[in-house]
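Chain by chain, the residues run as shown.
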Amino acid sequence: MLMNTYPLLVSEDLVFRSKQSTMQDSVTVIASSLAGLETLTEENVKQAMAVVEETGISRILVTDESGRILYDTRETGSSVGEYAVYTEVVLALTGNDAFSISYQGGAFRSRSAAPVLYQNQVIGAVYAYEYDTEQASLLKGFQSNLRNISLLIAAVVLVLSAVLSRALTRQISELLSAIRSVREGAYGRRAVVRGRDELAEISQEFNSLTDRLQKTEEARRRFVSDASHELKTPLAAIQLLTDSILQTENIDPATTKEFVADIGQEAQRLTRITEDLLQLTRLDSGLMQQATVVDVLPVLQQVLRMMELVATERDITLTYEAGEGCLVCSTRDELHQVIYNLVDNAIKYSGTGGRTQVKLFCRESRVTLAVEDDGVGIPEEDLPKVFDRFYRVDKARSRAAGGTGLGLAIVRDTVERRGGTVEADNRPEGGAVFTVRWPLARREEETP
Ligand code: ADP
């Protein structure tokens with residue numbers, strides 16, 4: 001609409017202006033050529049007009065000072081003798097130039113009038129009227145060209161926007177259907193990524209989000225199934241033992257006692273597993289005690305004192321080397337559990353007569369705790385997996401040693417929650433080494 005209206009208004013205005021100047025010029029020329037006459041009469045006006053150059057104007061009227069027409073260029077239907085009751089004539093007779101123009105029905109109608117003066121007295125008026133279809137038809141052509149161009153552009157725009165919006169909605173509906181599928185639980189579904197626009201970026205983001213969701217969901221399922229399996233084993237043993245006691249007739253008290261002791265052991269195992277599971281759930285939910293600045297050394301000494309007895313029983317030498325001022329931001333209980341689990345493993349997986357050494361030192365801005373043993377070590381391919389929940393290199397050995405397969409998972413989660421890292425490695429001389437690194441804390445951070 002703008003494209004159609006604005007140029008038309010401008011070109012109409014241009015025509016108006018050019019008409020005004022040509023018409024007014026002609027009328028003024030005629031008026032000044034009549035200005036030499038003292039009074040205007042039909043004869044002297046006719047004579048004077050005969051020498052006026054052809055102006056190309058459709059009709060020219062000359063009136064006397066009362067507005068009576070003395071001269072009319074139109075021969076048939078001439079209005080000579082009548083009164084020219086036109087606004088422009090009235091204006092001219094009061095001494096003003098007048099002009100008006102209109103565009104109607106495919107033609108420009110312009111009217112112009114000027115007073116004829118004799119010694120500054122209005123003695124008559126010249127009135128010109130022009131009916132122009134030529135310029136109007138030019139304008140009409142221009143208008144219809146513009147309309148055609150606009151229609152063509154509109155059609156192209158419509159087709160293009162239809163094509164584009166279809167492509168866009170197709171991509172959106174594809175993404176939507178992928179989102180719905182994933183919501184329903186089909187975590188394997190991915191959105192098709194086309195092009196490089198924002199929608200493609202959203203699809204990519206959605207796909208990587210679904211990747212993570214799928215991995216988390218798989219880990220959750222594996223965890224639930226592993227946990228139920230781990231809980232089922234001691235429960236099945238308890239069931240078997242109780243059935244044996246109940247179903248064996250005349251069972252002697254010594255065997256009963258033995259069986260009950262076994263039931264007790266299985267119950268202890270169940271307790272250990274559920275405690276570890278609860279601990280992991282707490283770590284997952286982020287419900288942890290407020291951290292304070294804790295010196296690792298006293299905690300390490302306490303754990304080693306506790307483990308001393310087990311180590312001596314197995315003829316394992318338990319030693320430590322520690323530096324002062326190893327402060328970390330954590331809680332005593334957490335540090336206790338981390339050190340306990342690592343030292344317990346070192347003792348568990350070392351043969352009799354082995355050696356376990358703990359090193360604690362702080363260097364630069366890190367506190368490092370290394371627990372080394374000279375036991376069986378860990379096969380290279382299992383090293384990245386030992387921190388996984390329920391992962392065990394040797395299931396039978398771990399079970400026999402009373403392991404739950406959750407100890408290292410708890411260590412990793414606890415340490416990482418406090419901004420630390422833990423890694424497992426094999427020592428060149430045999431045995432495993434677990435290294436924990438925490439950021440070094442400063443005394444000022446300690447809460448009273
Ligand atoms: P578990 O309760 O079975 O000890 P962990 O999570 O503590 O569970 O350890 C996972 C597995 O890593 C163990 O089953 C064992 O195979 C291996 N592992 C852990 N510590 C050691 C070690 N010091 N030496 C050899 N193997 C180890």
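Residues numbered from 1 in each chain as written. Predicted model: local features only at pLDDT ≥ 70, side-chain atom pairs only at ≥ 80, totals over all residues. Heavy atoms only, no water.

Enquirer: Describe the packing of helix H4 (residues 134-183) against helix H5 (residues 198-247), and please don't skip the residues or the numbers.
Expert: Relative to each other, H4 and H5 sit at 10 degrees, their axes nearing to 11 Å. When the interaxial angle is binned, H4 and H5 end up roughly parallel. Where H4 approaches H5, its residues Leu168, Gln171, Ile172, Leu175, Ala178, Ile179 and Val182 are matched on the opposing element by Leu199, Ala200, Ile202, Ser203, Phe206, Thr210 and Leu213. Its residues assigned to classes, the contact of H4 with H5 shows eleven nonpolar, three polar and no charged. (Axes fitted to C-alpha atoms, helices over the stretch in contact; angles between N-to-C directions. Helix = DSSP H or I, 4+ residues; strand = E, 2+ residues; numbered from the N terminus. Parallel < 35°, antiparallel > 145°, perpendicular 65-115°, else oblique. Contact = heavy atoms within 4.5 Å. Nonpolar A, V, L, I, M, F, W, Y, C, P; charged D, E, K, R; others polar.)

Enquirer: Report on the packing of aromatic side chains, specifying residues and quantitative values.
Expert: Throughout the structure, instances matching the rule amount to five aromatic pairs. Taken together, a centroid distance of 5.9 Å and an interplanar angle of 85 degrees make the contact between Phe16 and Phe108 edge-to-face. Of the two residues, Phe16 is situated in helix H1 (residues 2-34) and Phe108 in strand S4 (residues 107-118); the sequence distance between them amounts to 92 residues. Accessibility expressed as a relative area gives 22% for Phe16, which makes it partly exposed. With relative accessibility at 0%, the residue Phe108 sits in the buried group. Ring centres of Tyr103 and Phe108 lie 4.7 Å apart, and the angle between their planes is 40 degrees; this geometry places the pair in the tilted category. Given the relative accessible area of 24%, Tyr103 is considered partly exposed. (Phe/Tyr/Trp six-rings, centres within 6.5 Å; stacked < 30°, edge-to-face > 60°. Buried < 20%, exposed > 50% of the residue type's maximum accessible area, 1.4 Å probe, protein only.)

Enquirer: Would you mind going over the site of the ligand in detail, with residue names and values included?
Expert: Neighbouring residues of the ligand: 22 residues in total, closest Asn345, Tyr349, Ser398, Thr404 and Leu408. Interatomic distance of 2.8 Å between a side-chain N/O atom of Asn345 and an oxygen atom of the ligand. Between the ligand and the protein, one listed contact pairs an oxygen atom with a backbone N or O atom of Val393 at 3.0 Å. Contact with the protein chains hides 97% of the accessible area of the ligand, taken as 520 Å² for the molecule alone. (Near = heavy atom within 4 Å. Polar contact = N/O pair within 3.5 Å; in protein donor to acceptor, adjacent residues only side chain to side chain. Areas by Shrake-Rupley, 256 points an atom, 1.4 Å probe, with all protein chains shown as cover.)

Enquirer: Could you give me a rundown of the nonpolar core, with the residues and numbers involved?
Expert: Core analysis: the biggest nonpolar cluster contains 38 residues, and Leu342, Val343, Leu369, Phe434 and Trp438 have the highest contact counts within it. Listed by contribution, the elements that provide at least two residues to this core are helix H7 (296-313), helix H8 (332-348), strand S9 (355-363), strand S10 (366-373), helix H10 (407-417), strand S11 (421-426) and strand S12 (432-439). Judged by nonpolar contacts, the second largest core, of 26 residues, contains Leu8, Leu34, Tyr71 and Ala128. (Core = buried A, V, L, I, M, F, W, Y, C linked by side-chain atoms within 4.5 Å.)

Enquirer: Quick one: what's the story with the environment of Thr292, residue by residue and with numbers?
Expert: Its place among the elements puts Thr292 in strand S6 (residues 292-295). Counting along the chain gives 36 residues from Thr292 to Val328, while the straight-line C-alpha distance between them is 8.0 Å.

Enquirer: Residue-level account of the packing of H8 against H10, with values.
Expert: Relative to each other, H8 and H10 sit at 145 degrees, their axes nearing to 9 Å. Considering only the axes of H8 and H10, their crossing is left-handed. Together, Glu334, Gln337, Val338, Asn341, Leu342 and Asn345 of H8 and Gly407, Leu408, Ile410, Val411, Thr414 and Val415 of H10 make up the contact between the two elements. Counted by class, the contact of H8 with H10 contains six nonpolar, five polar and one charged residues. (Left-handed = near helix turned anticlockwise from the far one by under 90°.)

Enquirer: I'd like a description of the sheet that holds strand S2 (residues 69-72), backed by residues and values.
Expert: Read across the open sheet, the five strands follow the order S2-S1-S5-S4-S3; overall the sheet is antiparallel. The open sheet terminates on both sides in strands that have one partner only, identified here as S2 and strand S3 (98-104). The sheet shows a mean angle of 15 degrees between the axes of neighbouring strands, taken without regard to direction. By the bridge criterion, three bridges tie strand S1 (residues 59-64) to S2 in an arrangement that is antiparallel. (Pairing = 2+ DSSP bridges.)

Enquirer: Give me the lowdown on the confidence of the model for the chain, citing residues and values where you can.
Expert: In low-pLDDT regions, the fine details of the predicted coordinates are not to be read closely. Averaged over all residues, the pLDDT of the chain equals 90, while 99% of them reach at least 70. Averaged over each element, pLDDT in the chain is lowest for helix H9 (residues 395-400) (79) and highest for S12 (97). (pLDDT = per-residue confidence, 0-100.)

Enquirer: I'd like to hear about the sheet that holds S12, residue by residue, with values.
Expert: Strand order in the open sheet made by the five strands is S7-S9-S10-S12-S11, with mixed pairing throughout. Bordering the open sheet on either side are strand S7 (317-322) and S11, each of which pairs with just one other strand. Put simply, the sheet's adjacent strands are angled 15 degrees from each other on average, direction ignored. Bridging between S7 and S9 involves six bridges; their strand directions are parallel. Each bridged residue has a counterpart across the sheet, and for Tyr320 the counterpart in S9 is Val358. Across the face of the sheet, H8 comes into contact with S7, S9, S10 and S12 while running at roughly 25 degrees to S10.

Enquirer: Outline the environment of Thr404, listing residues and values.
Expert: The topology assignment puts Thr404 in the loop between H9 and H10. Distance from Thr404 to Phe390, taken between C-alpha atoms, is 6.9 Å for residues 14 residues apart in sequence. Excluding residues within four positions of it along the chain, Thr404 makes contact with Glu230, Arg272, Ile273, Asp276, Phe390 and Arg392. Side-chain polar atoms of Thr404 contact the side chain of Asp276, separated by 2.7 Å.

Enquirer: Describe unusual backbone geometry, and please don't skip the residues or the numbers.
Expert: Despite not being glycine, Gln119 shows a phi value in the positive range, around 45 degrees. Secondary-structure assignment places Gln119 in the loop between S4 and strand S5 (121-132). On the basis of relative accessible area, Gln119 is assigned to the exposed category, the value being 66%. With a phi angle near 65 degrees, Asn120 is a residue other than glycine that sits in the positive phi range. By the secondary structure assignment, Asn120 is in the loop between S4 and S5. For Asn120, a relative accessible area of 71% puts it in the exposed group.

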